[in-house]
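# Chain and residue survey
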Amino acid sequence: MAATKERKRHWLKAFVSIAVTLVAMPLTHILARALKDGTAGVEQFYAGMGMGLFGLLMVIIGVFIKGDVKQTLLGLFGGMFYWMGAIDFLFMYYANRFGTQAQLDPVTGEIVSRPEYLILPSTFGFWAMTMMLYLFCTANGCNFLNWWQRLFFGKHKKEIAARPMTRHTSIVAFMEVITMLWTCYLVLMFCYDERFFGDHHPVTLLVGMLGFIGSLFMFAKLLRYASWGMSLRFGFATVIIFWIAVEVFDRIHLLNGLWANPQGHVQEIALILVSFAVTGLYLACDRRKKTADVKRQ
């Protein structure tokens, strides 16, 4: 009976959770774009602050209301409004104010990176400081952070990160939005930077493949969540990781290139095949390990 329960898949919840994120993200982008196009100069600063404060208000309301789903939705939407307003908007305002130039495609002349994203990597120190707090001071439910804690602390994990922070679901969802968007943007911008890797460097493609394959694993896990609140929060994370692949593949025109000129992309094809081969090997080893554990029991 227990085994049957573990194998149950919640397809409806998973697809609805992903759909909520796929609807919410473009809606906040459209609103932010309308505010950016409708304001100029210091008005953009106030518009960004207003949008950010509105998102923050949603998150704070989520602290006081009842219901896991309501708290989660307020945290997720509040986080998106806050990111687009108080972070993205203000970076754009100061980039424009002090004359930061967009990165242009040398062939087409089209904008490939807007000015606000070019200065985002300068926040790496603040990001590292935030991650240090989560790694050393919190016991939490984030698989990514737990993996690093086990790697760094080993058997001392429970001693070093002994207790969680006070848990408010809306704050948890809000911080998930902010830290995931922040982390993913930093990774992508460092990859795109020619002084580090560049658009067509194997590392950049590998990051895209990790996003694609990782999102498949996350979707498989998302199907197991019976709770709407947990499904919504993990659904957002799944979409964001998948979007890394979308961003990278679009940036390097991978699909068009492989279709039109596969012989000119031997390195890319080899890396893709190796990525899938390694994933298959991992799945085979993991399955063998689980089978052995079951037999021992």
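Calculation notes
- Residue indices follow the written sequence of each chain, beginning from 1 at its first position.
- Only residues with pLDDT of at least 70 get local features here, since the model is predicted, and only at 80 or more are side-chain atom pairs given and counted; chain-wide, interface and lining totals rely on the full set of residues.
- Excluding hydrogens and water, the side-chain values take into account all heavy atoms of the structure.
- Put simply, a patch holds well-exposed residues, over 30% relative accessible area, that have no salt bridge, with like charges counted together within 9 Å and Val, Leu, Ile, Met, Phe, Trp or Tyr side chains within 5 Å.
- Here the open area of atoms and residues is found with the Shrake-Rupley method and a 1.4 Å probe, where only the protein chains shown may cover a residue.
- A pairing counts as a salt bridge when a side-chain nitrogen of Lys or Arg comes within 4 Å of a carboxyl oxygen of Asp or Glu.
- Numbering of helices and strands runs from the N terminus, with a helix taken as a DSSP run of H or I at least four residues long and a strand as a DSSP run of E at least two residues long.
- Throughout, exposure labels follow a simple rule: accessible area from a 1.4 Å probe, protein chains only, divided by the maximum for the residue type, with under 20% read as buried, over 50% as exposed, and the rest as partly exposed.
- Axis definition: a line fitted to C-alpha atoms, limited for helices to the stretch in contact. Angles are taken between N-to-C directions and run from 0 to 180 degrees.
- A contact between two residues is defined here by any heavy atoms of the two lying within 4.5 Å.
- Residue type decides the class: Asp, Glu, Lys and Arg count as charged, Ala, Val, Leu, Ile, Met, Phe, Trp, Tyr, Cys and Pro as nonpolar, and the leftover types, Gly among them, as polar.
- Multiplying 1.5 Å by the residue count of a helix minus one yields the expected span of that helix.
- Any pair of nitrogen or oxygen atoms within 3.5 Å is treated as a polar contact; in protein, a donor-acceptor pairing is required on top of that, and neighbouring residues in sequence qualify only through side-chain atoms on both sides.
- Between the rings of Phe, Tyr and Trp (Trp by its six-membered ring), a pair exists once the centres lie within 6.5 Å; its type follows the angle of the planes, with under 30 degrees stacked, over 60 edge-to-face, and the other angles tilted.
- Criterion for a charge above a ring: Lys NZ or Arg CZ within 6 Å of the ring centre, and within 35 degrees of the ring normal.
- UniProt positions are given in the numbering used here, feature names are shortened, and annotations may be inferred rather than shown by experiment.
- All tallies of charge rest on Lys and Arg as positive and Asp and Glu as negative; His and the ends of each chain are not included.
- Buried Ala, Val, Leu, Ile, Met, Phe, Trp, Tyr and Cys residues that are joined via side-chain atoms within 4.5 Å together make up what is termed a nonpolar core.

Under an unreviewed UniProt entry, the name given to the chain is Transmembrane protein, and the organism recorded is Bacteroides difficilis.

## Remarks on a nonpolar patch on the surface
Among the surface-exposed residues, Leu12, Val69 and Trp228 lie close enough to one another that they form a single nonpolar patch of about 280 Å² accessible area. Mapped onto the elements, Leu12 comes out in helix α2 (residues 11–38).

## Brief notes about the pattern of salt bridges
Evaluation of the coordinates by the stated rule reveals 5 salt bridges. Residue Asp37 pairs with Arg33 through a salt bridge whose shortest N-O separation is 3.8 Å. With Asp37 and Arg33 both in helix α2 and 4 residues apart, this pair spans about one turn of that helix. Since its relative accessible area comes to 35%, Arg33 is described here as partly exposed. Salt-bridge contacts for Arg251 lead to Asp199; the nearest nitrogen and oxygen are separated by 3.2 Å. Taken together, the residues span a long stretch of sequence, with Arg251 in helix α11 (residues 228–251) and Asp199 in the loop between α9 (169–192) and α10 (202–222) at a distance of 52 residues. With a relative accessible area of 13%, Arg251 lands in the buried category.

## Description of the packing of helix α3 (residues 42–64) against α9
One way to put it is that α3 packs onto α9 with a least axis distance of 7 Å and a crossing angle of 145°. Side by side, α3 and α9 meet where Leu56, Val59, Gly62 and Val63 of the first sit next to Ser170, Ile171 and Phe174 of the second. In terms of residue class, the contact of α3 with α9 is built from 5 nonpolar, 2 polar and no charged.

## Some details on α11
Across its 24 residues, α11 extends 34 Å between first and last C-alpha, which sits within 8% of the 34 Å expected from 1.5 Å per residue. With 17 of 24 residues buried, α11 lies mostly within the body of the structure. One side-chain oxygen at the N-terminal end of α11 lies 3.4 Å from the backbone nitrogen of Gly229; it belongs to Ser227. Count one or two residues on from α11 and you reach His253, which has phi positive near 55°.

## Some points on α9
In this model α9 runs 34 Å from its N-terminal to its C-terminal C-alpha over 24 residues, within 8% of the 34 Å that 1.5 Å per residue would give. Counting buried residues along α9, 17 of its 24 residues qualify, which places the element largely inside the surrounding structure.

## Remarks on the packing of aromatic side chains
Across all of its chains, the model carries 24 aromatic pairs by this definition. Clustering of aromatic rings is evident, with ring pairs tying together Phe136, Phe144, Trp147, Trp148, Phe152 and Phe153. Positioned above the aromatic ring of Phe89 is the side chain of Lys36, whose terminal nitrogen or guanidinium carbon lies 5.6 Å from the ring centre. Sitting above the plane of the Tyr192 ring, Arg251 keeps its charged end 3.9 Å from the centroid.

## Observations concerning the UniProt feature "transmembrane region" (unreviewed entry) in the chain
The positions that UniProt labels "transmembrane region" (unreviewed entry) are, in the present scheme, residues 12–32, 44–65, 72–95, 124–148, 169–190, 202–220, 232–249 and 269–285. Segment residues 12–32 splits into 100% helix and 0% strand. End C-alpha atoms: 30 Å apart. Secondary structure within residues 202–220 divides into 100% helix and 0% strand; the distance between the first and last C-alpha atoms comes to 27 Å.

## Comments concerning the side chain of Glu268
Along the chain, the position of Glu268 falls in helix α13 (residues 266–296). Here Glu268 occupies a buried position and makes no salt bridge, while the nearest side chain of opposite charge, Arg251, is found at 13 Å. If we ignore the near neighbours within four places in the chain, the residues touching Glu268 are Leu205 and Leu254.

## Quick look at unusual backbone geometry
Although it is not a glycine, His253 sits at a positive phi angle of roughly 55°. Relative to the helices and strands, His253 resides in the loop between α11 and α12 (254–260). Judged by relative accessible area, His253 falls into the partly exposed class, the value being 47%.

## Some words on the nonpolar core
Across soluble globular proteins, nonpolar side chains have a tendency to be buried as a group. Core analysis: the biggest nonpolar cluster contains 63 residues, and Trp83, Leu205, Leu222, Ile240, Ile244, Val248 and Phe249 have the highest contact counts within it. Put simply, the parts of the chain that give this core at least two residues each are α2, α3, α4 (68–97), α6 (124–137), α9, α10, α11 and α13. With 13 residues, the top contributor of residues to this core is α9.

## Quick look at the side chain of Thr169
With respect to the element layout, Thr169 can be found in helix α9. Relative accessible area serves as the criterion here: at 9%, Thr169 is assigned to the buried category. A distance of 3.2 Å separates a polar atom in the side chain of Thr169 from a polar atom in the side chain of Gln71. Dropping the residues within four chain positions of it, Thr169 is found in contact with Asp68, Gln71, Thr72 and Arg233.

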